[in-house]
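What follows is each chain in one-letter form.
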Amino acid sequence: MENKTILQDAFGRQHDYLRISITEHCNLRCSYCMPEDGIVLTPKPHLMTADEIVSIARTFVNLGVTKIRLTGGEPLVRKDAKEIMLRLGRLGVNLTLTTNGILIPDFMDTFREAGIHTINISIDSLEKDKFNAVTRRNYFDQVQENIGLLLREGFNVKLNVVLIKSFNDNEILDFISLTENDNIQIRFIEFMPFNGNDWDKSKLVTYAEIMDTVQSKYKLSEIERLKDAPNDTAKNFRITSYPGSFAVISSVTNPFCSTCNRIRLTADGKLKNCLFSNSEMPLLESLRAGESIIPLIHQNLAAKMPIRAGMDDDLKFQDPELFSQNRSMITIGG
Ligand code: SAM
Ligand code: SF4
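Now for a quick tour of the structure. Keep in mind that this is a model prediction, so the values were computed, not measured.

Thoughts on the site of ligand 1
Stage number 1. Taken together, 21 residues lie near ligand 1, and Gly73, Ser122, Asn160, Met192 and Asn197 sit nearest.
Stage number 2. Within the backbone of Gly73, an N or O atom sits 3.0 Å from a nitrogen atom of ligand 1.
Stage number 3. A distance of 3.2 Å separates an oxygen atom of ligand 1 from a polar backbone atom of Thr99.
Stage number 4. In the complex, the protein chains occlude 95% of the 550 Å² of accessible area that ligand 1 would expose alone.

What about the site of ligand 2?
Stage number 1. Within the structure, ligand 2 sits among Cys26, Leu28, Cys30, Cys33, Gly73, Asn100 and Ile330.
Stage number 2. Tallied by class, the residues present in the shell around ligand 2 amount to 5 nonpolar, 2 polar and no charged.

Comments concerning the packing of aromatic side chains
Stage number 1. Under the criterion given, the structure shown has 8 aromatic pairs.
Stage number 2. Arranged with centres 5.9 Å apart and planes meeting at 85 degrees, the rings of Tyr218 and Tyr242 form a pair that is edge-to-face. A residue pair is termed long-range when its members are at least 10 positions apart, and Tyr218 in the loop between helix H7 (207-217) and strand E7 (223-225) and Tyr242 in the loop between strand E8 (234-239) and strand E9 (245-249) qualify at 24 residues.
Stage number 3. The exposure class of Tyr242 is buried, given its relative accessible area of 9%.

Here we look at unusual backbone geometry
Stage number 1. Notably, Ser166 is not glycine yet its phi reads approximately 65 degrees, a positive angle.
Stage number 2. With respect to the helices and strands, the residue Ser166 is situated in the loop between strand E5 (156-163) and helix H6 (172-177).
Stage number 3. You will see that Arg308, though not glycine, has its phi angle at about 35 degrees, which is positive.
Stage number 4. Note on placement: Arg308 falls in the loop between helix H9 (294-302) and helix H10 (314-317).
Stage number 5. The exposure class assigned to Arg308 is buried, which follows from its relative accessible area of 4%.

Section: the nonpolar core
Stage number 1. Judged by nonpolar contacts, the single largest core of 104 residues is most densely connected at Ile20, Ile68, Leu70, Leu88, Phe111, Phe188 and Phe246.
Stage number 2. In terms of residue count, the dominant contributor to this core is helix H1 (residues 50-62) (7 residues).
Stage number 3. Discounting chain neighbours no more than four positions away, the residues touching Ile20 are Met48, Ile53, Ala57, Ile68, Arg69, Leu70, Thr71, Leu88 and Leu265.

Considering the sheet that holds strand E2 (residues 67-71)
Strand pairs in the sheet, formed through backbone hydrogen bonds, run parallel or antiparallel to each other.
Stage number 1. Taken in spatial order, the 12 strands of this open sheet run E7-E8-E9-E6-E5-E4-E3-E2-E1-E10-E11-E12, and their pairing is mixed. Edge positions in the sheet fall to E7 and strand E12 (281-282), since each of these pairs with one other strand and no more.
Stage number 2. Alignment of strand E6 (residues 184-190) against E9, held across 5 bridges, turns out to be parallel. Across the sheet, residue Ile186 finds its bridge partner in E9, namely Phe246.

A look at the pattern of salt bridges
Stage number 1. One pass over the full model with this rule turns up 16 salt bridges.
Stage number 2. Of the charged contacts, one joins Arg87 and Glu83 as a salt bridge, the two residues approaching to 2.9 Å between their closest N and O atoms. Within this pair, Arg87 and its partner Glu83 are both found in helix H2 (residues 81-89), separated by 4 residues, close to a single helical turn.
Stage number 3. Through salt bridges with shared partners, a single network forms among Asp51, Glu83 and Arg87.

Thoughts on the environment of Ile53
Stage number 1. Looking at the secondary structure, you find Ile53 in helix H1.
Stage number 2. With relative accessibility at 0%, the residue Ile53 sits in the buried group.
Stage number 3. Residues Ile53 and Leu265, 212 residues apart in the sequence, show an inter-C-alpha distance of 9.2 Å.
Stage number 4. If we ignore the near neighbours within four places in the chain, the residues touching Ile53 are Ile20, Ile22, Met48, Arg78, Ile84 and Leu88.

A few points about the packing of H1 against H2
Stage number 1. Running from N to C, H1 and H2 point in directions that differ by 25 degrees, and their axes come no closer than 10 Å. As judged from the angle between their axes, H1 and H2 are roughly parallel. Here H1 and H2 pass one another in a crossing that is right-handed. From H1, Ala50, Asp51, Ile53, Val54 and Ala57 reach across to H2, where they touch Glu83, Ile84, Arg87 and Leu88.
Stage number 2. The residue inventory of the contact of H1 with H2, partitioned by class, reads 6 nonpolar, no polar and 3 charged.

Quick word on the pairing of strand E3 (residues 94-99)
Stage number 1. Counting buried positions along E3 gives 5 out of 6 residues, so the element sits mostly inside the fold.
Stage number 2. Looking at chain direction, E2 and E3 are connected through 4 bridges and run parallel. Residue pairing in the sheet places Lys67 in a bridge with Asn94 of E3.
Stage number 3. At this point the chain moves from E2, through H2, to the parallel E3, and the crossover so formed is right-handed.
Stage number 4. Across 3 bridges, the pairing between E3 and strand E4 (residues 118-122) is parallel. By the bridge assignment, Thr99 is partnered in E4 with Ile121.

Quick notes on the packing of helix H4 (residues 128-135) against helix H5 (residues 140-152)
Stage number 1. Contact geometry of H4 with H5 gives a least axis separation of 9 Å together with a crossing angle of 110 degrees. One finds that H4 runs roughly perpendicular with respect to H5. Listed contacts from H5 to Lys128, Phe131 and Asn132 of H4 are Phe140, Asp141 and Val143.

Cut-offs applied
- Residues numbered from 1 in each chain as written.
- Chains lettered and ligands numbered in written order.
- Predicted model: local features only at pLDDT ≥ 70, side-chain atom pairs only at ≥ 80, totals over all residues.
- Heavy atoms only, no water.
- Near = heavy atom within 4 Å.
- Polar contact = N/O pair within 3.5 Å; in protein donor to acceptor, adjacent residues only side chain to side chain.
- Areas by Shrake-Rupley, 256 points an atom, 1.4 Å probe, with all protein chains shown as cover.
- Nonpolar A, V, L, I, M, F, W, Y, C, P; charged D, E, K, R; others polar.
- Phe/Tyr/Trp six-rings, centres within 6.5 Å; stacked < 30°, edge-to-face > 60°.
- Helix = DSSP H or I, 4+ residues; strand = E, 2+ residues; numbered from the N terminus.
- Buried < 20%, exposed > 50% of the residue type's maximum accessible area, 1.4 Å probe, protein only.
- Core = buried A, V, L, I, M, F, W, Y, C linked by side-chain atoms within 4.5 Å.
- Contact = heavy atoms within 4.5 Å.
- Pairing = 2+ DSSP bridges.
- Salt bridge = Lys/Arg side-chain N within 4 Å of Asp/Glu carboxyl O.
- Axes fitted to C-alpha atoms, helices over the stretch in contact; angles between N-to-C directions.
- Parallel < 35°, antiparallel > 145°, perpendicular 65-115°, else oblique.
- Left-handed = near helix turned anticlockwise from the far one by under 90°.
- Right-handed = clockwise from strand over helix to strand, strands pointing away.

Set out below in structure tokens:
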């Protein structure tokens, strides 16, 4: 076993949270994530096998990673997703996943056996027509049912909502109403620019706008600012009389880079030291050649920039020349 060293970058940030995309495939086509013309899929031999995912994850755990999130594409469409979850569950980490929720019923036993207690489900509208329009598929009813199933079965459920102006910004209060009866967390995410997702600033619903909307219904004294967990990317709140909570992830207007503890692994085995970085560190070739990947991990972390992969001001961040050099979100995994 390797010595446990903290994965620290040049700015003293310690990385103990690994996000692994296990597939580029998805059973939805969300407009803000998947380019309209689809993506060029990586040929299967260049994707990580279950053994390789577990091997790389184990290396990270030995280097101090304590939390692993599975994502995609849609992680639950991968044929060996159950095996991957069960094997990662044995690494003794806090294992979790982000999913569109469609396939949840097939996985309830696996979640329990793998020690997965908290699940993030993406749902951008509570109106069937709008949900089906943004996802370009017809799974609204299943997703609603499956959220109910998880809650009834005692899982911690977080709903990820990407807010887009004139699309779902009129549903902010409807989402918060869900926290009135259930201990559920709503996570409002600012719409972020990626290759092929037709982003522009006019579609952004900002943290400030979200909070203005909340204050249009609730008195300031009813809106409690909760203590954020260390390294939390979200600013957390609750309506004082409600059991659930809500949060805002303001990567665009209020980045949280100074406390970043995340490192990402793509389905084709490349490390991304930042969601927004277009430089990646391939691990798979070295792993397959029987070489240690540890120096590559350290090299990738050492190159991590202080803020959003160098897009440290709004002009750079909103420049299509720059953000279109990054992958599409569907191949990063959020
Ligand atoms: N398929 C799974 C799902 O949808 O939950 C996991 C992968 S998806 C890429 C992970 C998260 O990224 C989702 O919550 C999704 O809403 C979010 N996401 C995708 N594109 C985004 C964008 N342009 N801005 C903000 N969040 C985005
Ligand atoms: Fe698929 Fe998730 Fe992207 Fe939607 S957000 S297209 S469900 S990967």
